[in-house]
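# Remarks on the overall topology
The residues making up each chain are set out below.
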Amino acid sequence: MDNLSLLMDGFGSVLTPQNLLFACIGVLLGTFVGVLPGIGPAMAVALLLPVTYGLDPIGAFIMFAGIYYGGMYGGSTTSILLNTPGESASVMTALEGNLMARAGRASQALATAAIGSFIAGTIGTLLVVFFAPALASVAVEIGAPSYFALMVLAMIMVTSVLGGSPLRGFIALFLGLTIGLVGLDLNTGQPRLSFDQPLLADRIDVVVVAVGIFALGEALWVAAHLRRSPLHVIPVGRPWMDRTDLRRSWGPWLRGTAYGFPFGALPAGGAEIPTFLSYLTEKRIAKRKGVDEFGKGAIEGVAGPEAANNASAAGTFVPLLALGLPVTATSAVMLAALQGYGIEPGPGLMTDQPELVWALLASLLIGNALLLVLNLPLAPVWAKLLRIPRPQLYAGILFFAALGAYAANLQAFDLFLLVLLGLLGLAMRRFGLPVLPLVLGVILGPLMEFRLREAMAISGGEVSGLWSEPLAVVIYVVVAIAVVAPLVLRRVRPAPAAVAEELDIHTHDEEKVR
Amino acid sequence: MSTPLDTPTTAESPREHPGPDRDLAQLGLAAALVVIGAYTVYDATTLRVGFGDPVGPRVFPYVIGAVTVVLGVLLAIATLRGDVAEAEGGEDVDLRQPADWTTVLKLVGVLMVTVLTVSFLGWAISGAILFVGAAWSLGSRTLVRDVIVGLVLSVTSWYAFHEGLGVILPAGILDGVL
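Below you will find a few notes about this structure.

Turning our attention to the overall build of chain A. Of the regular secondary structure elements, chain A holds 21 helices and two strands. Counting every position in chain A, which comprises 514 residues, the buried fraction comes to 62%. In chain A, 80% of the contacts between residues at least 6 apart in sequence involve partners at least 24 apart.

The structure is reproduced here in structure tokens:
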């Protein structure tokens, strides 16, 4: 129970009045920004990065934890009340959630989402407490070749397995790797792709990349396609559940958590698959019980996917803290934030700065609890935010994006880069390029080059040094399976595609109803 | 030999009509990828290789640049075969209307004004201009309210960063006033 006592130490360093205040501010800000239409969790965290600039690391972490869970919860509120999910992970929540809201059960939908998020987030974070240190103690042992292989695995997973079009995934990844090249070469100190600009030779700040691609790119894309007809917002009272709702929710909450955590914890990452699986499972169980309300607003269809989503979000902290690998857009932004504090997530983090890690994990648990306490009563207030006039809303996003990019280094040149990256983000949305591989390329590219050179220096320039460790070989085999298996499966069993199609038809009907 | 060559041409012929099933703008993206990749490779050739470093500073740019060029070519081929980008949806996005690029241009213009003026006008003024300009570009016509909101936002953020976070944003021409 060593981990538990370390966690208690973490609570000890976090539980000061000042830090609790930071946690409250973080939860409120995160929910506030996350509820705003058009802002997903990744963008919420990116926009709020500058708020933590002046804080010490522990204060900043606890605020992040609040922002993180707040942003996630805010996103699900929007998808339930507007039926327009801001990100792929809340598509499943939106399906039944919005039907419930239209049937006059918005309060129950929000309540089951909030409590489900809390349960899944807490169980998920506790699992991180047990898994991450174990993984990290293994990870310290692994050498540069295996580490290089792991990064290849993360990139392949995110680009070709999760996305819809592998070609577009790889285009985004290599654009990101190219951006990651900009700046001084680590070993020889020569500037690469810097066009003789000293400010470029300093490398492009990851915060500027994240804000540019997520916030500015999205705002410009929305500006090009702004919906002129107002959306219908469903009024909501204070969230509550009666005993029947509770009885119907707890099973989906736990099953959703069981689906979500492993997917988040594996480098395969992402919340799309577990939320989808949870939705299908709950639908099947409901059918067997003969109380199938799916398609008419089933509470199980909100409780399960929402728990899966949050458990997966907690799970992403395992690869993030133990290996330094971000597998979702939001965790990529979190990684950028950690780097801003000179903290290099990776195998060494758990042993080098244990007090920070345990403080972060304790912060996550506290943030999660505060989220429930603050947001159940505040839901009607948040729902009002959905009516903000759009010109002012997006002008505000541009304002805070510029502020965030500028405050990082106080360089007007960063603002110029922000505009360029915003235009790139716009182009990516226009051409259907996924955003996550690009950010992953920017963050992991330089690390990957560093590990490659280390591995090759150890082996004295022998390429075989790259698979000199057994673990590295295993990982390359996994990479090969990850690339080949989907191709084979698609040929052998078209079943999953058919299921997805059926669901597509379902969503299509939704559109028509609206 | 003429028969096997003819068959694909006839099979392709229905697609010959340039229509909405081809996304020709995507060729621009493909071309950009080729240029970026080629420049990355060229840039790497100008680097000196150090000692005792079997990989050197060139290998990564070579690989990344070369793959980027290949991806550009693949995208061009896919585009000509009728591959269409699936544009991203969202909460406030209405893809049924044609894109409104004028608004985007206005917003970029407003942002560039901020880039150019922030150092000497200071954040309090440049930030307010950014908010008002962006809101106006997006179709807001409540100028007075926007100016008030913009000024409150920028002055508050200046003080919040100054007092709360210890980050001193430039005061510009308001130096001494704030």
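Take the interface of chain A and chain B next. Many authors give the size of an interface as the accessible area that is lost as the parts come together. Facing 76 residues of chain A, the contacting portion of chain B comprises 76 residues. When the two sides are added together, the surface that chain A and chain B hide from each other amounts to roughly 6600 Å², 71% of it contributed by carbon and sulfur. The largest contributions to the chain A side of the interface with chain B come from Gln-190, His-225 and Phe-399 of chain A, which together make up 10% of the buried area. Taken together, the links from chain A to chain B amount to eight residue pairs in polar contact (both at pLDDT 80 or more). For the side of chain A that touches chain B, the elements supplying multiple residues, two or more each, are helix H7 (166–181), strand S2 (191–192), helix H9 (206–224), helix H17 (390–409), helix H18 (412–430) and helix H19 (436–459) of chain A. Looking at the side of chain A that touches chain B, the element that brings in the most residues is H17 of chain A, giving 14 residues. When grouped by side-chain class, the residues that make up the side of chain A that touches chain B number 50 nonpolar, 15 polar and eleven charged.

Here we take up the nonpolar core. By size, the foremost hydrophobic cluster in this structure holds 211 residues, and its most contacted members are Phe-214, Phe-317, Leu-361 and Leu-438 of chain A together with Trp-123 of chain B. Take this core: its biggest share by element is 18 residues, from helix H16 (residues 354–385) of chain A. By size, the runner-up hydrophobic cluster in this structure holds seven residues, among which are Leu-95, Ala-286, Phe-294 and Ala-298 of chain A.

The calculated volume of the second largest pocket comes to roughly 780 Å³. Together, 34 residues line the second largest pocket, and Leu-29, Phe-32, Val-33 and Phe-400 of chain A together with Leu-153 of chain B are the ones closest to its centre. Elements with a contribution of two residues or more to the lining of the second largest pocket: helix H2 (17–35), helix H3 (41–48) and H17 of chain A together with helix H6 (143–165) of chain B. When residues of the lining of the second largest pocket are assigned to their parent elements, the largest contribution, ten residues, is made by H6 of chain B. Classifying every residue of the lining of the second largest pocket by side-chain character gives 26 nonpolar, six polar and two charged.

On to a positive patch on the surface, then. Residue and element names in this part refer to chain A. Taken together, the side chains of Arg-247, Arg-284, Lys-287, Arg-288 and Lys-289 define a basic patch exposed on the protein surface. A total of four residues in the positive patch trace back to one element, the largest contributor, which is helix H11 (residues 272–289). With respect to the helices and strands, Lys-289 occurs in helix H11.

Further remarks concern the packing of helix H4 (residues 57–82) of chain A against helix H12 (residues 300–315) of chain A. All names here are of chain A. Taken N-terminus to C-terminus, the directions of H4 and H12 make an angle of 155 degrees; their axes are 11 Å apart at the nearest point. When the axes of H4 and H12 are compared, the pair comes out roughly antiparallel. Crossing hand, H4 versus H12: right-handed. Here Tyr-68, Tyr-69, Met-72, Ser-76 and Ile-80 of H4 come into contact with H12, specifically with Val-302, Glu-306, Asn-309, Asn-310, Ala-313 and Ala-314.

This structure, assessed with the given rule, holds eleven aromatic pairs over all chains. The interplanar angle of 20 degrees and the centroid separation of 6.2 Å between the aromatic rings of Tyr-406 of chain A and Trp-123 of chain B together place this pair among those described as stacked. With one member in each of two chains, Tyr-406 of chain A in helix H17 and Trp-123 of chain B in helix H5 (residues 123–137) form a pair that bridges those chains. Classification of Tyr-406 of chain A by relative accessible area gives buried; the value is 3%. Judged by relative accessible area, which is 0%, Trp-123 of chain B ranks as buried. Each ring, one from Tyr-39 of chain B and one from Tyr-42 of chain B, has its centre 5.9 Å from the other, and the planes form 50 degrees; the classification is tilted. In this pair, Tyr-39 of chain B and Tyr-42 of chain B both sit in helix H2 (residues 25–45), three residues apart, roughly one turn of the helix.

This part covers helix H4 (residues 101–121) of chain B. Residues and elements named next belong to chain B. Taking 1.5 Å of rise per residue, the 21 residues of H4 would be expected to cover 30 Å, and the 29 Å separating its terminal C-alpha atoms lies within 8% of that figure. Of all bends in H4, the biggest is about 30 degrees, found at Val-115. Of the residues making up H4, those classed as buried are Thr-103, Val-104, Leu-107, Val-108, Val-110, Leu-111, Thr-114, Val-115, Thr-117, Val-118 and Leu-121. Once H4 ends, the next one or two residues include Gly-122, with phi positive near 90 degrees.

Residue and element names in this part refer to chain A. Of note, Phe-195 is a non-glycine position whose phi angle comes to about 50 degrees, a positive value. In this fold, Phe-195 is placed in the loop between S2 and helix H8 (198–201). A positive phi angle is found at Arg-203, which is not glycine, with a value near 75 degrees. With respect to the element layout, Arg-203 can be found in the loop between H8 and H9. Take Arg-203: its relative accessible area is 28%, and that puts it in the partly exposed class.

About the criteria used
Residues numbered from 1 in each chain as written. Chains lettered and ligands numbered in written order. Predicted model: local features only at pLDDT ≥ 70, side-chain atom pairs only at ≥ 80, totals over all residues. Heavy atoms only, no water. Helix = DSSP H or I, 4+ residues; strand = E, 2+ residues; numbered from the N terminus. Buried < 20%, exposed > 50% of the residue type's maximum accessible area, 1.4 Å probe, protein only. Contact = heavy atoms within 4.5 Å. Buried area = accessible area lost by both parts, 1.4 Å probe. Polar contact = N/O pair within 3.5 Å; in protein donor to acceptor, adjacent residues only side chain to side chain. Nonpolar A, V, L, I, M, F, W, Y, C, P; charged D, E, K, R; others polar. Core = buried A, V, L, I, M, F, W, Y, C linked by side-chain atoms within 4.5 Å. 1 Å grid on protein atoms, 1.4 Å probe; cavity = no way out; pocket = protein on both sides within 12 Å on 5 of 7 lines; lining within 4 Å. Points joined across faces, edges and corners; volume = space filled by probe spheres on them. Patch = residues over 30% accessible without salt bridge, like charges linked within 9 Å, V, L, I, M, F, W, Y side chains within 5 Å. Areas by Shrake-Rupley, 256 points an atom, 1.4 Å probe, with all protein chains shown as cover. Salt bridge = Lys/Arg side-chain N within 4 Å of Asp/Glu carboxyl O. Lys, Arg positive; Asp, Glu negative; His and termini not counted. Charge placed at Lys NZ, Arg CZ, Asp CG, Glu CD. Axes fitted to C-alpha atoms, helices over the stretch in contact; angles between N-to-C directions. Parallel < 35°, antiparallel > 145°, perpendicular 65-115°, else oblique. Left-handed = near helix turned anticlockwise from the far one by under 90°. Phe/Tyr/Trp six-rings, centres within 6.5 Å; stacked < 30°, edge-to-face > 60°. Expected span 1.5 Å × (residues − 1). Bend = angle between axes of the 7 residues up to and from the residue.

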